[in-house]
Amino acid sequence: MKKGRGRTSRTRRRKLFRSSESRGVNESYKPEFIELKRWLKNRKFEDPNLIPARFPGTGRGLMSKTSLREGQVIISLPESCLITTDTVMRSYLGAYVAKWQPHPSPLLALCTFLVAEKHAGTRSPWKPYLEILPKTYTCPVCLEPEVVNLLPKPLKAKAREQRTHVQEFFTSSRDFFSSLQPLFSEAVENIFSYSALLWAWCTVNTRAVYMKLGRRQCFSAEPDTCALAPYLDLLNHSPDVQALSVAHKGGDYMLGKGLALRVKDVRGPLTCTPCVYPRWHLAGTQARAVVFTPHVPLRRWMMPGKSSF
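Residues numbered from 1 in each chain as written. Predicted model: local features only at pLDDT ≥ 70, side-chain atom pairs only at ≥ 80, totals over all residues. Heavy atoms only, no water.

A.B. asks: Please explain the overall build of the protein as it appears in this structure.
C.D. replies: For the protein, the helix and strand inventory stands at twelve helices and eight strands. Burial analysis of the protein (309 residues in total) assigns 43% to the buried set. Contacts spanning at least 24 positions in sequence make up 65% of the contacts within the protein whose residues lie at least 6 apart. Summing over all exposed atoms, the protein offers an accessible surface of approximately 17600 Å²; the carbon and sulfur share of this is 55%. (Helix = DSSP H or I, 4+ residues; strand = E, 2+ residues; numbered from the N terminus. Buried < 20%, exposed > 50% of the residue type's maximum accessible area, 1.4 Å probe, protein only. Contact = heavy atoms within 4.5 Å. Areas by Shrake-Rupley, 256 points an atom, 1.4 Å probe, with all protein chains shown as cover.)

Quick look at the structure:
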């Protein structure tokens, strides 16, 4: 028998193949990530251990070059890298937000900042981060009506409810957008269009992390808890791994490996039930991934004529 052809050799090869399936494919060589890391370095952030990668099943994320220990801080991002309402108020938009009545919501401030910076293109200091954000989203509000009609009744109702909510959000914000005309040479109607606001709304609602900020008098009473965190928001994890914790300490936004699920984000910290409606983000193996539907099997709703699994 030739060397390496025995039963134990086959077992080793199977184990190696299975382990390689779960490994991420390094994407740090891509131009957008090279530019992002250069931009972050200029903002006093550098992490040689975490690299952008694409994983089977969970998509794009960050891959650690070393094993992580219990209680270890995974990433510590300087506050200067975050986009929060504080960022908005320090920007050219701050004076307009401060004087607007009725007070705009923190969400509107963040969405306005994203649209304005995206419109600025190469002139935006946030361009390297904006470049890696998704160009489109698959939130229910983005689905075509004919696709929504294929959903089970509860999901269909929630999708339509979300579309109505975003449309009302856009309509109620148009006067505020008009007040920003002195900042732009182009008509604000063209810059702050429904599609532009929809992109910004989806960006905040699917990528923001939880960071409670102090109450500002210039904002409405809605909670100010969203922060966009470049690089940190690339973090992803297997749906059956629930061991991350976040903390804001000493001017840095830290995320570490802990014993229990302590991650808070805008989707809800302990269950995926709220996620599937507004964010369309459900992983089948997650213990709390429950979606309430009628007794008729989902496949029957999604595929007319197919009444059983």
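A.B. asks: Explanation requested: helix α8 (residues 153–178) in the structure shown.
C.D. replies: Two residues of an α-helix separated by three or four positions point the same way, owing to the 3.6 residues in each turn. For α8, which comprises 26 residues, the first-to-last C-alpha distance of 38 Å matches the rise-based estimate of 38 Å (1.5 Å per residue) to within 8%. Of all the bends in α8, the largest measures some 35° and sits at S172. By the burial criterion, the buried members of α8 are L155, K156, A159, Q162, V166, F169, F170, S173, F176 and F177. (Expected span 1.5 Å × (residues − 1). Bend = angle between axes of the 7 residues up to and from the residue.)

A.B. asks: Could you clarify how one ought to interpret the pattern of salt bridges in this entry?
C.D. replies: Between side chains of opposite charge, a pair can form when the charged atoms approach closely. Evaluation of the coordinates by the stated rule reveals seven salt bridges. E27 serves as the salt-bridge partner of K30, at 3.4 Å between the closest nitrogen and oxygen. The exposure class of E27 is buried, given its relative accessible area of 7%. When the shortest N-O distance is used, the salt bridge between D86 and R216 registers 2.8 Å. Taken as a pair, D86 in helix α3 (residues 85–90) and R216 in the loop between β5 (209–210) and β6 (226–227) lie far apart in primary sequence, 130 residues in all. When salt bridges that share partners are traced, they join E27, K30 and R54 into one network. (Salt bridge = Lys/Arg side-chain N within 4 Å of Asp/Glu carboxyl O.)

A.B. asks: So what exactly am I meant to see when it comes to the nonpolar core here?
C.D. replies: Buried together is how nonpolar side chains tend to be arranged in soluble globular proteins. Of all hydrophobic cores here, the largest spans 65 residues; its most connected members are F192 and Y231. When residues no more than four places from it in sequence are discounted, the contact partners of F192 are T112, V115, A116, F170, F177, L180 and F184. Residues L143, L151, L155 and A159 belong to the second largest nonpolar core, which totals five residues. (Core = buried A, V, L, I, M, F, W, Y, C linked by side-chain atoms within 4.5 Å.)

A.B. asks: Explain the pairing of strand β3 (residues 59–64) here, please?
C.D. replies: Each regular strand shows side chains that alternate between the opposite faces of the sheet. Across six bridges, strand β2 (residues 50–55) lies against β3 in antiparallel orientation. Bridging from a neighbouring strand, P52 pairs with L62 of β3. Counted between consecutive antiparallel strands, the loop separating β2 from β3 contains three residues, among which G57 sits at a positive phi close to 95°. (Pairing = 2+ DSSP bridges.)

A.B. asks: What is the right way to look at the packing of aromatic side chains in this model?
C.D. replies: Aromatic rings considered in pairs are described by the distance between their centres and by the relative angle of their planes. Inspection of the entire model under this criterion finds eight aromatic pairs. The interplanar angle of 80° and the centroid separation of 5.6 Å between the aromatic rings of F170 and Y194 together place this pair among those described as edge-to-face. Of this pair, F170 sits in helix α8 while Y194 sits in helix α10 (residues 194–207); the two residues are 24 residues apart in sequence, bridging distant segments of the chain. Among the aromatic residues, ring-to-ring pairing joins W100, F176, F177, F184 and F192 into one connected group. Positioned over the ring face of Y96 is K99, at 4.8 Å from the centre of the ring. Stacked on the ring of W199, the Lys or Arg K118 has its end atom at 4.0 Å from the ring centre. (Phe/Tyr/Trp six-rings, centres within 6.5 Å; stacked < 30°, edge-to-face > 60°. Lys NZ or Arg CZ within 6 Å of the ring centre and 35° of its normal.)

A.B. asks: Explain the sheet that holds β3 here, please?
C.D. replies: Pairing between sheet strands relies on hydrogen bonds along the backbone, with the strands arranged either parallel or antiparallel. Here we have three strands laid out as an open sheet, ordered β1-β2-β3, and antiparallel in their pairing. Strand pairing shows two members of the sheet lacking a second neighbour, β1 (25–26) and β3, which therefore form its edges.

A.B. asks: Could you clarify how one ought to interpret helix α2 (residues 31–42) in this entry?
C.D. replies: Counted at 1.5 Å a residue, the expected span for α2 with its twelve residues is 16 Å, and the 17 Å between its end C-alpha atoms agrees. All of the buried residues in α2 are F33, L36, W39 and L40. Projected down its long axis, α2 carries its buried residues within an arc of 120°, all on one side. Opposite the buried face of α2, at more than 90 degrees from it, the exposed residues are P31, K41 and N42. (Arc of directions from axis to C-beta.)

A.B. asks: Can you walk me through the side chain of T112 in this structure?
C.D. replies: Assignment of secondary structure puts T112 in helix α5 (residues 106–120). Residue T112 is classed as buried on the basis of its relative accessible area of 2%. Polar side-chain contacts of T112 include one of 2.7 Å to the backbone oxygen of L108. If we ignore the near neighbours within four places in the chain, the residues touching T112 are L93, F176, F177, L180 and F192. (Polar contact = N/O pair within 3.5 Å; in protein donor to acceptor, adjacent residues only side chain to side chain.)

A.B. asks: Explain the packing of α5 against α10 here, please?
C.D. replies: What describes two packed helices is the angle between their axes and the distance between those same axes. Put simply, α5 and α10 touch, their axes get as near as 9 Å, and they point 120° apart. With respect to each other, α5 and α10 are oriented oblique. For the element pair α5 and α10, the recorded crossing hand is right-handed. Along the contact surface, α5 presents L107, L110, C111, L114, V115 and K118, while α10 presents A196, L197, W199, A200, W201, T203, V204 and N205. Each residue belonging to the contact of α5 with α10 can be placed in one class, and the counts come to eleven nonpolar, two polar and one charged. (Axes fitted to C-alpha atoms, helices over the stretch in contact; angles between N-to-C directions. Parallel < 35°, antiparallel > 145°, perpendicular 65-115°, else oblique. Left-handed = near helix turned anticlockwise from the far one by under 90°. Nonpolar A, V, L, I, M, F, W, Y, C, P; charged D, E, K, R; others polar.)

Treat this as a map of the structure, not an account of what it does.
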